[in-house]
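Structure assessment
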Amino acid sequence: MARRNLRKGMTMIGPTPGLRVKQLEVRTRKDSGRNRSRLVEVAIKQSNVTSPMHSSCLSTPSKHSRSPSKQHFWSVDDETNVADMAQPPIDPIRLPRTMNDYIREWLRHKEDLLRILLEMEAAPSPRNCTKCGKDGVYRCTDCMHQPLFCMDCCRILHEAHPFHRIQQWTGEFFEDSALHMTGFQLYLGHNGAPCPSASPGPEHGPSEGQRYKMDTRAGGMGMVEEEWEDIDEVPLHLRPPANSKYLTIIDVTGVHFVRVQPCQCLDADSYHRQLFQAKLCASTFEKPSTAFTFAVLDDFLWENLECGTSGMNYYSKLRRVTSNVFLHLVPNRYRELLRLARQWWVLKLLKWNGFQDETERSSPGDLALFCAACPQPGINVDPDVDLDDWKYTRTVVMDGNFKAEHMHEKRPDDQVWLMDGRGFMVAHPPYQEYLQATPHITEKSACHNHRAISQANVSRGKLSATGIGATACARHGCFYPHSVVDFQKGERQLNMDYSLSNALGYNMTGIKNVLCFYDINCSYMKNLRKRVDNSPFLHIPSSLQIVPGIGIWHVHGHKQECYARYAPLFLRGSGWVDGEIIETLWSILNIVSASTRGMSSPHRQELLDFQMNDSNFMKMIRIVDSLSRKLKAAWASVAMARDAFTKLDEAVSSENRQVWSIQEESALGGRVRDVSVMDIFEIQLKKAPTVRAVELELLEAPSQRGTRQGAASWITRGLGIEESEITLAITRKDSSKYPSETKRLAMARRADRLAVDRSRFIADSQIYLAPLHQGTDADDYNSGITDVAHHMSAGDDVVSGEEDSEGSMDEAADAVPLKMTKIAPLPLLSNFGIERCRAAGADELVEMELKLRIGQANDALHGLRIALADKAVAFRGVVRQATSYSMRTRAWQMVNSIDSSVRQQAAIYKRCREAMIALGADTDTLTRFQQLHKSHMAVHTAAFSQNAHDHRSSNLPWFWCMDIPRTTSSKNWLTEFYRIHWLRAKAVKDRWEEEEDLLVSEFHWTMNFFKFHAKKWNKKCVSFKAAGLHGAACYAARQKAVYDRLAEQGASKWLNMSPEILPLNQ
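Okay, so let's go over this structure. Note that the structure is predicted; figures quoted are calculated from it, not measured.

Parameters and conventions
Each chain has its residues counted from 1, following the order in which its sequence is written. Totals for whole chains, interfaces and linings use every residue, but because this is a predicted model, local features are given only for residues with pLDDT of at least 70 and side-chain atom pairs only at 80 or more, for both listing and counting. Heavy atoms throughout the structure, all of them, feed into the side-chain values; hydrogens and water do not. Two strands pair if DSSP finds at least two bridges between them. Note on conventions: DSSP H or I runs of at least 4 residues are helices, E runs of at least 2 residues are strands, and numbering of each starts at the N terminus. Orientation is described by axes fitted as lines to C-alpha atoms, over the contacting stretch for helices, and by angles from 0 to 180 degrees between their N-to-C directions. An angle below 35 degrees is treated as roughly parallel, one above 145 as roughly antiparallel, one from 65 to 115 as roughly perpendicular, and anything else as oblique. For any pair of crossing helices, the crossing counts as left-handed if the nearer helix is rotated counterclockwise from the farther one by less than a right angle, and right-handed if it is rotated clockwise. Any two residues having at least one pair of non-hydrogen atoms within 4.5 Å are treated as being in contact. Think of it in three bands: with a 1.4 Å probe and only protein chains considered, a residue is buried below 20% of the maximum accessible area for its type, exposed above 50%, and partly exposed in between. Each aromatic pair joins two rings of Phe, Tyr and Trp (for Trp, the six-membered one) with centres within 6.5 Å, and gets the label stacked for planes under 30 degrees apart, edge-to-face for over 60, and tilted for any other angle. For a ring to carry a charge above it, either NZ of a lysine or CZ of an arginine must fall within 6 Å of the ring centroid while also lying within 35 degrees of the normal to the ring plane. Among buried residues, the Ala, Val, Leu, Ile, Met, Phe, Trp, Tyr and Cys ones that are joined through side-chain atoms within 4.5 Å form a nonpolar core.

1. Concerning the sheet that holds strand S20 (residues 545-549)
By way of backbone hydrogen bonds, the strands of a sheet pair with one another, either parallel or antiparallel. The strand order across the open sheet formed by five strands is S18-S17-S14-S19-S20, and the pairing between neighbours is mixed. Looking at which strands have only one partner, the edges of the open sheet turn out to be strand S18 (485-487) and S20. With direction set aside, neighbouring strand axes in the sheet form an average angle of 25 degrees. Strand direction decides the pairing type here: strand S14 (residues 394-401) and strand S17 (residues 467-473), joined by six bridges, are antiparallel. Pairing of Asn401 across the sheet is with Ile468, part of S17.

Given below as structure tokens:
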């Protein structure tokens, strides 16, 4: 759209005091995908305007107002009524501010903020305590406003904040200090008050004048007694308390040395229990010297889940928080952190899943959370409903991850498993027993050699596990509990069998149908039932019908027939799913996979379990928003798919519609028994043999007597040289009149390489064509050979055309024949003539070249069809859409480049056809490979639009339908293509309609899932109260409230999506 046409219907803003008018170009995107531009005038408030006549918008027009077509400040009437400004003020439009705008605003305050930051380093004047008014010595950097305290006030006010960081005034600056320097002690029990039963006595500890050195035992960074360096050289906050017992406590604020006074009453709990009740987790149970706060363990948990932070990096951060300069003086408690983190995470899982004690019966995967929207009879689906309905089909996806490696352990027999098999990783002993009892059978794939198959026997000496394999929900991306397995030698079938068997046994009671996506399902599913029946460790019910599929991304790496057989588009009941969602799960899990490489097997299992459980938890809390977005998109897509299919269906005869519907129903119903019936969704064409296919056939066939070995390859090499010479000649002709030096050099190098290849080919001809060369010089067979220029200009020339308004391209009336450099012919049999070849007894070689010429002609016609199709697309999508001179220039450059390809393929085909004639091809062959004319090169863009209604009466050149079976070509040439497009358009419509139905059902199942868990926690609350477990009862009540709130939010979201939608209880 030209800019001058954008001003139609606009309202001009006249001169207004205090406002500056600016014209902006706003670009929006229509639903059709095309961009729309329009000009908008905005009023911007003008500062320091003394009068209307002195306004900058009146005196200095903007750059948009300098052309008459864009003038928007003044009109004739405005100029005559400048004095009349009595019009209502216009509210200025506030434009959205960008990040750079905020940064520019900050730059104006940078110096002032830096000054304030530096002033905070100094002590206030007067330097008095903010509480009692005495001399202020300490200030707390963690308290608001960094208040100044005296020693007593600092100690008293921090009894509830024992891990705040304080600083001490030295007379010149504030130095980092510690609360124990103020005499602070942490009292356990009695709500933080001193124990009345405590008996004062002498406390043993390091004296004030003792010396210390670094503790390097087992990587430790603590201090031990030794005369090594003076204690005065250690910063204040890194000095442990003198003459007293202390505990090293790690918090999110760093490492602290704290005096701890436990309760000494007769009925007091043990020391480690008192610490735990004070939210401190002791590293040991006997005489603990180190403890971690609940806060730091939770912080490490979230850091690991959200950021993938390893234990080493996290503790390194804590050391820098403690002292950013003297890191070597901070005690190293990295190993203690890893050990306590394992224990803490398991306690969290037990708490979240309502396990009050270990006397409750445990089962595989009972500490794992599963998908809220997948059908689970007895949880979110009534088990009495008809589970044979397609909506209750489970959709799963399997895949392997080779990033989650694991090294061999030093002490594999000395391991402690905290939750083996209760999460997502399978139980270790049964899995190892299964691997030892199950032999690995290598099955050669009939499809392409994929990574999962090629790495099936890959083993690395230093790795005990080369990766992991998992099964997940294909629609929502939730890992299946107790289904993640380790790989020992790549992604073997026996590993994935164990994963699938466990996944299909999780909450599947009554479900009869499963859609299973896997990258190599075309080979994996062939013998699955046989492997399951032969193994006592695997169990998949025989009544469970498994329909295999391949993800939409991986299926394009398979053979062509795999697309119709396994793509999600052709799987009834799958909805609109891609089958690749597990790849997104790996990308998140890979962040922590590197840190698990050297862990012990139990630690690695627990960390991966916790990561996958958190992934499922995040899916659960976001599932309502996800389903609502998908449902809104499905409503729009269903309407579009129905409209597209209806338009296509209207152009189809009732007879074809009935036949195609029967074909579709028969294929979808019989795919479980024989997946090859899905080939009906592919074009039923007989693919013409290529040069490579013909050469392979000749090489594999037994050689005839008198024919030298390698003759087929020699002839193929000659055809390739001939093609290269034709291509180079046309490239030289199409180059500009004065090509650049780089282009000339490239063409010269190509010509030089061709000359070398030609010389070698001619030399080898003495071996294969010895009878033809006897008594013959070059002139005898050169005389009957036409050069490449003759081949190109003998018939109709190949020209490009201009596209007219009706969508076809007219040939140029003044077309000039190609004038190219003459090229000496090659000693091929077609250049000697059929009579001379027969006289020399070279009939076998003649037959070889004729077959290869037919393959070469098929390749040339295939390339010609692709080039013409590209040309039609370029005219429709590039040339027509060009709106500027530069865009049209680039568009026509693209068309000219495609024209060059058209001429090259046409020239090669013409040479092939002349060679066929010279080799004595029969009438059927020459009828099949007809002569090309100039009119055949014209492209009708309308004929390449599958939804166009004028196809049925259009006719394309013969080479477009030469491979269609005779039963089809005798009818309209587009019948086959209409059938495929109709079937696929109907498949798109059916999948979107299924998606809509599934999303509505999944909304109901999600609400049922929340209500089920709310009832479950309510029952636990009642039972805990009856047992006198008040804390557990309160936690159960809180969990019930969480699930009730999730259900309420889901119901509210459901009702707000559409006023016509039914309530959830219907």
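Resuming the write-up.
2. Some words on the packing of helix H16 (residues 581-593) against helix H17 (residues 601-650)
The N-to-C vectors of H16 and H17 enclose an angle of 140 degrees; their axes lie 11 Å apart at closest approach. The angle between H16 and H17 falls in the class oblique. Seen along the crossing, H16 lies across H17 with a hand that is right-handed. For the pair H16 and H17, contact is made by Leu585, Leu589 and Val592 and by Leu607, Leu608, Gln611, Met612, Ser615 and Lys619, respectively.

3. Some words on the side chain of Glu606
Positionally, Glu606 belongs in helix H17. Judged by its relative accessible area of 4%, Glu606 falls in the buried class. Those residues in contact with Glu606, other than ones at most four positions away along the chain, are Arg342, Val416, Leu418 and Met419.

4. Notes on the packing of aromatic side chains
Across all of its chains, the model carries 30 aromatic pairs by this definition. Ring centres 5.2 Å apart and planes at 85 degrees place the aromatic pair Tyr518 and Tyr524 in the edge-to-face group. When its relative accessible area of 2% is taken as the criterion, Tyr518 is described as buried. Taken together, the aromatic side chains of Phe300, Tyr314, Trp345, Trp352 and Phe610 make up a single cluster linked through ring pairs. The residue whose ring lies beneath Arg97 is Tyr102, and the NZ or CZ to ring-centre distance is 4.5 Å. In this structure, Arg531 is placed above the aromatic ring of Tyr524, and the distance from its NZ or CZ to the ring centre is 4.9 Å.

5. A closer look at the pairing of S20
Regular strands have side chains that alternate between both faces of the sheet. Within S20, four of the five residues are buried, leaving the element largely enclosed by the surrounding structure. Pairing geometry for strand S19 (residues 513-517) and S20, over five bridges, is parallel. The partner of Val514 across the bridge, within S20, is Ile546.

6. Examining unusual backbone geometry
Excluding glycine, residues mostly have negative phi values, and the peptide bonds linking residues are mostly trans. Following Ser125, the chain continues to Pro126 via a peptide bond in cis, the omega torsion being 0 degrees. Relative to the assigned elements, Pro126 resides in the loop between helix H4 (110-119) and strand S3 (138-140). Positive phi is not limited to glycine here, since His145 has a value of about 70 degrees. Secondary-structure assignment places His145 in the loop between S3 and strand S4 (148-149). A positive phi is found at Lys287, a non-glycine position, where the angle reads about 50 degrees.

7. A short note on the nonpolar core
Counting 67 residues, the largest nonpolar core has Leu500, Leu504, Tyr524, Ile546, Met620 and Phe1010 as the members making the most contacts within it. Sort the elements by how many residues they give to this core and helix H30 (residues 975-1026) lands first, with 10 residues. Discounting chain neighbours no more than four positions away, the residues touching Leu504 are Val514, Ile540, Leu544 and Ile546. Ranked by size, the runner-up nonpolar core spans 55 residues in total, among them Val346, Ala474, Val577 and Leu585.

8. What about the sheet that holds strand S12 (residues 280-282)?
The five strands are arranged S7-S11-S10-S13-S12 in an open sheet whose pairing can be described as mixed. The open sheet has two edge strands with one neighbour each: strand S7 (185-187) and S12. Neighbour-to-neighbour, the strand axes of this sheet turn through a mean angle of 40 degrees, independent of strand direction. The sheet contact formed by strand S10 (residues 247-251) and strand S11 (residues 254-261) spans five bridges and is antiparallel. Paired with Thr248 across the bridge in S11 is Phe257. Contacts from helix H8 (residues 311-322) reach S10 and S11 within the one sheet, and its direction differs from that of S11 by about 75 degrees.

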